[in-house]
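Here's the letter readout for the chains.
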4 protein chains.
Amino acid sequence: MIKVKVVGASGYGGIGIIELLLRHPQAEITTLVALESVGKPISEIWPHLTGFCDKVVHSPEDAEALEPVDVVFMATPDRVGMKSAGAELERGAKVIDYSGDFRFNSASEYAEYAQRIGKNPVHDSPELLPLSVYGAPELHRREITPERRIVGNPGCFAISCILGLAPAAAAKLFRPDSVICDCKSGISGAGKKLSSSFHYPNRYEMMNAYKLAGHQHVCEIERELRLLNGEDVKVTFTAQVVPVCRGIMSCLYADLVSPVSEEDLVSVYREFYKDSVFVRVLPSTAPVGSMHVRGTNYTNIVVSVDRRVNRMRIVSYIDNLMKGQAGSALQNMNLLFGLPETTGLEHPSFFP
Amino acid sequence: MIKVKVVGASGYGGIGIIELLLRHPQAEITTLVALESVGKPISEIWPHLTGFCDKVVHSPEDAEALEPVDVVFMATPDRVGMKSAGAELERGAKVIDYSGDFRFNSASEYAEYAQRIGKNPVHDSPELLPLSVYGAPELHRREITPERRIVGNPGCFAISCILGLAPAAAAKLFRPDSVICDCKSGISGAGKKLSSSFHYPNRYEMMNAYKLAGHQHVCEIERELRLLNGEDVKVTFTAQVVPVCRGIMSCLYADLVSPVSEEDLVSVYREFYKDSVFVRVLPSTAPVGSMHVRGTNYTNIVVSVDRRVNRMRIVSYIDNLMKGQAGSALQNMNLLFGLPETTGLEHPSFFP
Amino acid sequence: MIKVKVVGASGYGGIGIIELLLRHPQAEITTLVALESVGKPISEIWPHLTGFCDKVVHSPEDAEALEPVDVVFMATPDRVGMKSAGAELERGAKVIDYSGDFRFNSASEYAEYAQRIGKNPVHDSPELLPLSVYGAPELHRREITPERRIVGNPGCFAISCILGLAPAAAAKLFRPDSVICDCKSGISGAGKKLSSSFHYPNRYEMMNAYKLAGHQHVCEIERELRLLNGEDVKVTFTAQVVPVCRGIMSCLYADLVSPVSEEDLVSVYREFYKDSVFVRVLPSTAPVGSMHVRGTNYTNIVVSVDRRVNRMRIVSYIDNLMKGQAGSALQNMNLLFGLPETTGLEHPSFFP
Amino acid sequence: MIKVKVVGASGYGGIGIIELLLRHPQAEITTLVALESVGKPISEIWPHLTGFCDKVVHSPEDAEALEPVDVVFMATPDRVGMKSAGAELERGAKVIDYSGDFRFNSASEYAEYAQRIGKNPVHDSPELLPLSVYGAPELHRREITPERRIVGNPGCFAISCILGLAPAAAAKLFRPDSVICDCKSGISGAGKKLSSSFHYPNRYEMMNAYKLAGHQHVCEIERELRLLNGEDVKVTFTAQVVPVCRGIMSCLYADLVSPVSEEDLVSVYREFYKDSVFVRVLPSTAPVGSMHVRGTNYTNIVVSVDRRVNRMRIVSYIDNLMKGQAGSALQNMNLLFGLPETTGLEHPSFFP
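Note that the structure is predicted; figures quoted are calculated from it, not measured.

Draft legend 1. Expanded view of the overall build of chain A. Along its length, chain A carries ten helices and 14 strands. Scaling as 2.2 N^0.38, a compact globule of 352 residues should have a C-alpha radius of gyration of about 20 Å, and chain A matches this with 20 Å. Summarising its shape, the C-alpha atoms of chain A cover approximately 65 × 45 × 40 Å along the three principal directions. Within chain A, buried positions represent 68% of all 352 residues.

Structure (structure tokens):
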């Protein structure tokens, strides 16, 4: 059994991976760590786990928090993972980090990311960055191998955009400066942290765009598209919140270099994802939406072309807490331990 | 493998049992039957099932619909199961019926039920009624055995009330004419049938009580309480709908025959349910709600006493589509086939 | 024009009365006071007021906060109004207080209330209590006159229960120890204060009961019913929260002393409320719910009788922020200034 | 008093205008017409109108439906207004039509519209088209005069996009083939007609894009932009539905012909709308959303520029049932009768 520690266990990202690990046939949760609710069973904080996971939450300083495990999920904000990842590696663990700390592979790339979002550009463990890989299995599964020690799990908006644009980027179908990502997220994407913006009465009928000056996920989108396309891609990105709990719907627009039919575009996408179980490519008439991926690791990608102006339009649906977070993280764990990518992830959710 | 047919496959009750069966290690869906969407894969109707269950929906008249199976789930309204159950038994199947058709064990009991709700009092297959058992495993698990052929699955409101009152009824703690069941349901309880009352804009801010003249679930509540208590119990029942999708919260009131402390009442309840994995008994201070049982077969029962007036008050939480429908149905199937009650049902749901 | 000061202007109770006053033909908002957002225009905090009310919020210590007005709405928690009401009276203002501070008319009554909810039983201005009246115009409009100086505005749950039970209490139709109030509130009832319980993702599918040990509104319900009935009435009260923003649905049960038909009970209620424009009495078949009073000062009261057990059941619907708070407050202001009760309150809301 | 008839009175568009007219100081509802609920008081269908508007709904064939009025609101689908508008004009009424029937001013323009959306291209009353004006007061108020007889009220998505793009189009700031309208609507936009897509359980967690092949509102957007810009504008338009009741959030993108700062763009917009009370122009940091215009006739327009790629991005918020329907209709009525545009429309809504 793979021994697992979850740091940041009491947040949505933490319980997301706990829920998944409880179903995983070859993994076992041995340690839960968080800053809040220390000393309490996780099932006291999240009563739906009662009887399934009643382990006590430890402080990062507790001796129990330091016992060796095989893998650590850092369900923590920026600048937490970079401080403890080195020690975890020394204790023999692999690290899967949810934040921006390990999504870039050099100190300079990290600095650029941090500067764009107005944060400290100096990474605390620059020597670890070359060890890391961006945790998008659909694009990097050959690099997410048992030899790998660190994975930078993708941002939720980012993965929805990247998967939606990757096949067209790789085929150089669009103009690199024409990409627009219009992204709507459910509220769980902001985590369990209280905010007047997410107070039920202020939100139940509220749609709004935010961070128009720039969102932290743009850098990784542009990096991945550049890797695929070969040219610099500049993305206009609009983050929006709407009153659903789970789900991201990203509408992705780009001007086609030359005319392509919807049928051909669907084919390009299907070919690109032919080995990716968790991606479903659909034509523009498919009656799907965010609820059809809720609770699962799937991405539904609807492909269309506006022929009048020769523009492609992709609608990409994910569950922000699954493919956008814990689901991808578990998929990455499977690859890190040589297991089939889908282990513990292939179940239907419930509807409605 | 237990071969399973689901009749009424395209409704919420149908997809609920399909979702559960897909995870069951010893059951296999062989046949889907419905009146709508005949000839289409079920995953075209409910896209979240894509890749998990792509079986075609058959009309009840199709030859495929008549092939022998081990068990049939009748996820159908009143008066459907009573017409086909006999033929299913002859073909060697067991029948688990979701409607009121097999919740009563004699033609006269059925007639009383039907009359109270203003329906045809003549059962079409009265000879089958003695073969049936009421599918509340917590109360009748000794009767839900491999010898049993038919189960009348409980009503969603009913099971929430019955489980909430059973221990006190059995211990004769309350006055039989003092019981009030104030029940709030999520909207999925009304199924997928369209209604202006459940049209999103008419409902998102709407709470209302309905059927004040009498609800179809009262009969089975009163019958079960009488079986436990020995005396006739008359229940004032108020059905309400609030804008959640899944969940029932039933507040149950009864005047105590003599004073009981909350602690003692909790003990009575815990003792009663000591063999019932899916019931959690909690004190009045437990911070739980309907979301903590969502997607699961659990019942959370919060016990309290209003000492000033010597009245007990129980708050019972279930997921109306799970413990209130498909979850109980699968639990019953397990018992009918000699499996552990919990097979295929012991997993945490997701939160939030 | 009546000059108005709103204290606690930045909370839901504050903006509720601001919205109403903006439509009132004879009142004028002169001063806004709050502890938060001091120095900002109220329309910066609540952008929907832009162009309608752009007044700056003052601290209670600011000189502007002390300028004389005709009436002060104290949209503040317990123990705030009792501290400043005396000074407001001296400056010539009348006071309408939203909290429990002036709902009771003697120090001993207040002490009993405070003790039941575990708070300091000593009122800071006991000499003012005899000057106050309970602000339920339907029951006390003859006492809410231009001579009156202080009004204790009712609690939201309380007014829904009191209006639902008053006619039967006055007619001595029920047993005083048999009353059960099963009350469900929308989330705005808890105000704008952040809480993990009201964080959107934790709440959108959540129903729960809370404060089972006792709710602060029970005292005023029992007091009003005793005044009407002549006997001590003891109420079992269950507060519940469901995911709507606005609305209270209270199901009220009581054992009838002798049989009454629904028709007769409706007549008793209609007669009792014949001068009360804001109360609509409806038979048990009326298809109404909380959304039909949303945004208005109306109470919809649905009357029914469970004949089998000789029990009355009333379902009372209000908007917790209107009849349950700002609407009643404005109705009280009208009476305090000799205006028709309905001034500024008679408009339909919008639907859906 | 202006005598008003509402045709399609029982739909959301009908009750929207009824609610507004009840507050209008110079208008009086004399006649309600609908195909459904004929013979019933409108307050029986929509109980929130009880006491405010209890008029009986007439069939279009009833004699009462034909009595002369001053203005008729046709809250009806395409091809209804075109059949009866002529007769209304002959009876002396003006006509404000909600559908696409009178949004175009020639038979050929109408035919193009109808063909693009796959409908019958032959208008039934082509002679009336030149009498009509597009009911966007912010752009056409000089044409919506007392001499005018017919107004084609704008589509809800359309008006949100047109108002969001008009100032930039008029100033020729963007490339005409670069416009993208990414529009999200609340569910009330689809009216009261039942649909499985808007059944509460299927929708509460569902976001989805639809009609990717083309939406009926694109024609009027392109027409208005061409009128302002002088050149043909081609729009890529994505309609999306999210689980709110009321509100449209449109993100509008276009490539700037030459660099413009956000400050300058805000100035262009403010100058353009300096006489338009119902438009608020805001910088990119304004913390506003759809709830801040809910229940009102306002449009909140947030202006931003993505300097890296020289692209403008406008976020336009309206209430689809107000500015997107009944609010604009009343604003148009005011202009048709020489009243101030704002009569009956200047009130704040409620929040939350």
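Draft legend 2. Geometry of the interface of chain C and chain B. Counting residues at the interface gives 55 residues for chain C, matched by 56 residues for chain B. For the pair chain C and chain B, the summed buried area comes to about 4,300 Å², and 56% of that belongs to carbon and sulfur atoms. Per-residue buried area on chain C facing chain B is highest for Glu 205, Met 207 and Arg 308 of chain C; these three make up 18% of the total on that side. The tally of links from chain C across to chain B stands at four salt bridges.

Draft legend 3. Structural view of the packing of helix H6 (residues 156-170) of chain A against helix H8 (residues 218-229) of chain A. Residue and element names in this part refer to chain A. Running from N to C, H6 and H8 cross one another at 20°; their axes reach a closest spacing of 9 Å. Taken together, H6 and H8 sit at an angle that is classed as roughly parallel. Judged by the twist between their axes, the crossing of H6 over H8 is right-handed. Judged by residue contacts, Ala 158, Cys 161, Ile 162, Leu 165, Ala 166, Ala 169 and Ala 170 of H6 engage Glu 220, Ile 221, Glu 224, Leu 225, Leu 228 and Asn 229 from H8.

Draft legend 4. View of helix H4 (residues 107-116) of chain C. Residue and element names in this part refer to chain C. For H4, the set of buried residues is Tyr 110, Ala 111, Tyr 113 and Ala 114. The buried residues of H4 occupy an angular sector of 165° when projected down its axis, which confines them to one face. The exposed residues of H4 that point more than 90 degrees off its buried face are Ser 108 and Gln 115. Structurally, H4 contributes buried residues whose contacts are with helix H3 (81-90) and helix H8 (218-229). Of the residues trailing H4, Gly 118 is marked for its positive phi of about 75°.

Draft legend 5. The arrangement of the relation of the copies chain C and chain B in detail. In screw terms, the move from chain C to chain B is a rotation of 180° and a rise of 0.0 Å along the axis, fitting with an RMSD of 0.0 Å. These values place the two chain copies in the arrangement generated by a two-fold rotation axis. When you check the interface residues of chain C against chain B, 100% turn up at the interface there too, and the contact is symmetric in its surfaces.

Definitions and cut-offs
Residues numbered from 1 in each chain as written. Chains lettered and ligands numbered in written order. Predicted model: local features only at pLDDT ≥ 70, side-chain atom pairs only at ≥ 80, totals over all residues. Heavy atoms only, no water. Helix = DSSP H or I, 4+ residues; strand = E, 2+ residues; numbered from the N terminus. Rg over C-alpha atoms; globule rule 2.2 N^0.38 Å. Buried < 20%, exposed > 50% of the residue type's maximum accessible area, 1.4 Å probe, protein only. Contact = heavy atoms within 4.5 Å. Buried area = accessible area lost by both parts, 1.4 Å probe. Salt bridge = Lys/Arg side-chain N within 4 Å of Asp/Glu carboxyl O. Axes fitted to C-alpha atoms, helices over the stretch in contact; angles between N-to-C directions. Parallel < 35°, antiparallel > 145°, perpendicular 65-115°, else oblique. Left-handed = near helix turned anticlockwise from the far one by under 90°. Arc of directions from axis to C-beta. Least-squares fit on C-alpha atoms with pLDDT ≥ 70 in both.

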